[in-house]
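One letter stands for each residue in the lines below.
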Amino acid sequence: MSERADKIKEYHKKYNLQSWSKQKDINPIPIEKAEGIYMWDFDGNRYTDMSSQLVNLNVGHGCRPIIDAIKEQTEKYCYLGPSYGAEPRGELAKMIIDLMPDNMGKVFFTNGGADANENVVKIARMYTGRQKIFSRYRSYHGSTYGAGNLTGEPRRYPLEPGAPGFIKFFDPYVYREKIKFESEEEASEYYVGKLREQIIYEGPDSIAAIVMETITGSNGVIIPPKGYLPGVRKLCDEFGIMMICDEVMAGWGRTGKMFAFENFDVKPDIVSFAKGVTCGYVQLGGVVVSKKIAEFFDDHLLSCGLTYSGHPLACAAGVACVNYYKDADILTNVNKSGAVLGEILEDLKAKHKSVGDVRYIGLFSAIELVKDKATKEPLVEYGKDPEGIMGKIIGMLKAKKFMCYSHENMILISPPLIITPEQVKEEMVKVDEVLDEVDKMI
Ligand SMILES: Cc1ncc(COP(=O)(O)O)c(C=O)c1O
């Protein structure tokens, strides 16, 4: 390794606190350059990004139109406060509203996904005058205080006992359900029925919102059964509850539609987004609210604010990014490459005894590892992996320069949306080889 690479690694380890890590275990790969779905270290080794970094780098590295748009904007002005008219701010908001269902009205920009979710909570509470917020156990909504309280999985634990009024319910995880359903519709009826019961017991008039990742992402690409989201929509309408879809990870083309809720024929009241709106070229997030909610704030104070709300550089990147999605016909590519990925995943499930389930939609996928296909006993217990088995599996993939991450007993694969079907085939051979090794471990 070069001196520069050594220094990058040394400083990272010595001075950076790295997220979600025991600091003594961190081992960053110094990256010299990156292009498309690939990254190179200082020794010329090529790594394939099969997770789009943190499921945000949808367009891959080096997307020229976004780079040029940022450069152009820096020459005009880099920053204007939220109350000034900044061209890219209004332009991007209009583009987002144009992509949304016809009930949606306005956008409030944030810096990322967590603060988008902080603000969905505030907006739903201000609009409804109610306090309680429902969200699901198998979910991640960000690590700030409010978003962390929305989060249901173990990353919420450091915030506990947490803020009052955050209620959790179980999501429709059909693969691990003890009840055997005849159809997706029957499963939906069951889960929506349980949710209705919980709403009644909590007091419907006290509930401001139900917040859901439209498709649960980092907790295992859990795709709701047919009829589930329309069922939740009906409950929200019945009780005057805001239906909030967190599209931070599933939005912006990831599932083969521009927004994941389009797969289920529902119109939410509020949507949070981030990640793919700029693909991280500059960080940006936001909240989209319905026309009704937007009108409410004509005469009521919108008590939300951020110094960098609608940052001009981020919005310029966003305008270029959304235009790129259209110009590159990204959805067609997601569906084409996603179909190949899906076929390969099904083959892996049929071939490997350690693969209990595969779930995929577009280029959003998870491989669920088990000790026993029949009992579905997970390869590692929920919230526990004392021997670091999943870390070892991810390490085996990394040794093949296949970069992705795991959650619980699942390998998550979400490559950039520009990946070609040939690249999918080439990369997934490595997963097949690693699963051969996993099969021997059980
Ligand atoms: C569904 C979902 N919501 C919110 C967030 C938080 O976004 P950020 O990390 O930009 O704060 C994430 C991050 O992974 C996410 O997956």
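Since the structure is predicted, the reported quantities are computational estimates derived from the model, not experimental observations.

Asker: I'd like a description of the packing of aromatic side chains, backed by residues and values.
Answerer: Given two aromatic rings, one states the distance between the centres and the angle between the planes to describe the pair. Summed over all chains, the structure comprises 16 aromatic pairs. Each ring, one from Tyr 127 and one from Phe 296, has its centre 5.2 Å from the other, and the planes form 85 degrees; the classification is edge-to-face. Residue Tyr 127 is found in helix 5 (residues 113-128), and its partner Phe 296 is found in helix 9 (residues 291-299); the two are separated by 169 residues along the sequence. For Lys 33, the ring lying beneath its charged end belongs to Trp 40, and the centroid distance is 5.1 Å. Against the face of Tyr 38 rests Arg 46, its NZ or CZ located 3.8 Å from the ring centre.

Asker: Give me the sheet that holds strand 9 (residues 270-273): which residues, what numbers.
Answerer: Spatially, 4-10-9-8-7-5-6 is the arrangement adopted by the seven strands of the open sheet, whose pairing is mixed. In this open sheet, the two strands that pair with only one neighbour each are strand 4 (104-110) and strand 6 (166-169). Averaged over all adjacent pairs, the angle separating strand axes in this sheet is 20 degrees, with direction ignored. Taken strand by strand, helix 4 (residues 87-99) contacts strand 4, strand 9 and strand 10 (285-290), and its axis lies near 135 degrees from that of strand 4. The sheet strands contacting helix 8 (residues 228-239) are strand 5 (132-136), strand 6, strand 7 (207-213) and strand 8 (242-246), and the helix crosses strand 7 at an angle near 170 degrees.

Asker: Could you give an account of the packing of helix 7 (residues 184-202) against helix 8, with specific residues and numbers?
Answerer: Here helix 7 crosses helix 8 at 25 degrees, and the two axes come no closer than 9 Å. Between helix 7 and helix 8, the angle is such that the two are roughly parallel. In the packing of helix 7 onto helix 8, the handedness of the crossing is right-handed. Taking contact as the criterion, the partners of Ser 188, Tyr 191, Val 192, Leu 195, Arg 196, Ile 199 and Ile 200 in helix 7 are, on helix 8, Tyr 228, Gly 231, Val 232, Leu 235, Glu 238 and Phe 239.

Asker: So what about the nonpolar core? Which residues, and what values?
Answerer: The biggest cluster of nonpolar side chains holds 107 residues, and the ones touching the most others in it are Ile 96, Ile 210, Ile 367, Ile 411 and Met 428. Here the element with the most residues in this core is helix 10 (residues 312-327); it accounts for nine residues. In this view, Ile 210 contacts Phe 134, Phe 169, Leu 195, Ile 199, Val 232, Cys 236, Ile 241, Met 242, Met 243 and Ile 244; residues no more than four positions away in its chain are not counted. Within the second largest apolar cluster, 21 residues are counted, among which are Ile 123, Ile 270, Val 289 and Phe 297.

Asker: Account for the pattern of salt bridges, with residues named and values stated.
Answerer: Applying the stated criterion across every chain, the model contains 24 salt bridges. When the shortest N-O distance is used, the salt bridge between Asp 171 and Arg 138 registers 2.9 Å. Of the two residues, Asp 171 sits in the loop between strand 6 and helix 7 while Arg 138 sits in the loop between strand 5 and helix 6 (145-150), which places them 33 residues apart along the sequence. When its relative accessible area of 2% is taken as the criterion, Asp 171 is described as buried. Close ionic contact of Arg 359 with Asp 357 constitutes a salt bridge, the shortest N to O distance being 2.8 Å. Comparing Arg 359 with Asp 357, the two get one shared label, buried. In this structure, a network of salt bridges that share partners links the residues Arg 176, Lys 349, Asp 357, Arg 359 and Glu 368.

Asker: Describe the environment of Ala 114, and please don't skip the residues or the numbers.
Answerer: Secondary-structure assignment places Ala 114 in helix 5. Here the alpha-carbon distance between Ala 114 and Asp 265, two residues 151 residues apart in the chain, equals 26 Å. Excluding its chain neighbours within four sequence positions, the residues that come into contact with Ala 114 are His 141, Gly 142, Ser 143, Thr 144 and Ala 147.

Quick notes on the rules
Residues numbered from 1 in each chain as written. Predicted model: local features only at pLDDT ≥ 70, side-chain atom pairs only at ≥ 80, totals over all residues. Heavy atoms only, no water. Phe/Tyr/Trp six-rings, centres within 6.5 Å; stacked < 30°, edge-to-face > 60°. Helix = DSSP H or I, 4+ residues; strand = E, 2+ residues; numbered from the N terminus. Lys NZ or Arg CZ within 6 Å of the ring centre and 35° of its normal. Pairing = 2+ DSSP bridges. Axes fitted to C-alpha atoms, helices over the stretch in contact; angles between N-to-C directions. Contact = heavy atoms within 4.5 Å. Parallel < 35°, antiparallel > 145°, perpendicular 65-115°, else oblique. Left-handed = near helix turned anticlockwise from the far one by under 90°. Core = buried A, V, L, I, M, F, W, Y, C linked by side-chain atoms within 4.5 Å. Buried < 20%, exposed > 50% of the residue type's maximum accessible area, 1.4 Å probe, protein only. Salt bridge = Lys/Arg side-chain N within 4 Å of Asp/Glu carboxyl O.

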